[in-house]
Amino acid sequence: MNQLIVSVDPSRMEIPDLDIRYDLFEFLDELFPDMLKDGGYDYAGTQPLLLIFIEIQHESPRPQLDSLLEAIQSYQRFGTDFKNAIQIFIDSVDNNPVYSYSD
């Protein structure tokens, strides 16, 4: 089972609302029913960064995974700056991000 980790830097957001922990998963679950499972959340670092874990319940073909990544980047329920505040990792934050905001 693959896991996506969305690392959110709240200092890069206009509206850093903790409800993102739940709302992002609900947003994605509406778009990709029966594909995802809420993996919870955690905090890391000194800022701290919010880590949102999203489990992919079955092996997804690359186009479906690309669509999922695009959906995360387009998420705007807490402001239009979300894609500039996130990094997305597959399986571990020790891996290189599959998406990263530009500095």
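This section reports on the structure supplied with the text.

What counts and what doesn't
- Residues numbered from 1 in each chain as written.
- Predicted model: local features only at pLDDT ≥ 70, side-chain atom pairs only at ≥ 80, totals over all residues.
- Heavy atoms only, no water.
- Patch = residues over 30% accessible without salt bridge, like charges linked within 9 Å, V, L, I, M, F, W, Y side chains within 5 Å.
- Areas by Shrake-Rupley, 256 points an atom, 1.4 Å probe, with all protein chains shown as cover.
- Salt bridge = Lys/Arg side-chain N within 4 Å of Asp/Glu carboxyl O.
- Lys, Arg positive; Asp, Glu negative; His and termini not counted.
- Charge placed at Lys NZ, Arg CZ, Asp CG, Glu CD.
- Helix = DSSP H or I, 4+ residues; strand = E, 2+ residues; numbered from the N terminus.
- Buried < 20%, exposed > 50% of the residue type's maximum accessible area, 1.4 Å probe, protein only.
- Expected span 1.5 Å × (residues − 1).
- Contact = heavy atoms within 4.5 Å.
- Axes fitted to C-alpha atoms, helices over the stretch in contact; angles between N-to-C directions.
- Parallel < 35°, antiparallel > 145°, perpendicular 65-115°, else oblique.
- Left-handed = near helix turned anticlockwise from the far one by under 90°.
- Nonpolar A, V, L, I, M, F, W, Y, C, P; charged D, E, K, R; others polar.

### Thoughts on a negative patch on the surface
Taken together, the side chains of Glu26, Asp29, Asp34 and Asp38 define an acidic patch exposed on the protein surface. Its place among the elements puts glutamate 26 in helix H1 (residues 20–31). What makes glutamate 26 partly exposed here is its relative accessible area of 44%.

### Overview of H1
Between its first and last C-alpha, H1 extends 16 Å over twelve residues, near the 16 Å set by a 1.5 Å rise per residue. At its buried positions, H1 is contacted by strand E1 (2–8), strand E2 (36–44), strand E3 (49–56) and helix H2 (62–74).

### Description of the environment of histidine 58
Of note, histidine 58 is situated in the loop between E3 and H2. With 23 residues separating them along the chain, histidine 58 and methionine 35 place their C-alpha atoms 6.7 Å apart. Non-local contacts of histidine 58, meaning those with residues more than four positions away in its chain, are made with Asp34, Met35 and Gln64.

### Re the packing of H1 against H2
In contact at an axis separation of 11 Å, H1 and H2 are set at 135° when each is read in the N-to-C sense. Judged by the angle between their axes, H1 and H2 are oblique. Crossing of H1 against H2: the hand is right-handed. Packed against H1, whose contacting residues are Phe27, Leu28 and Leu31, the element H2 presents Leu68, Ala71, Ile72 and Ser74 at the interface. Grouping the amino acids of the contact of H1 with H2 by side-chain chemistry returns six nonpolar, one polar and no charged.

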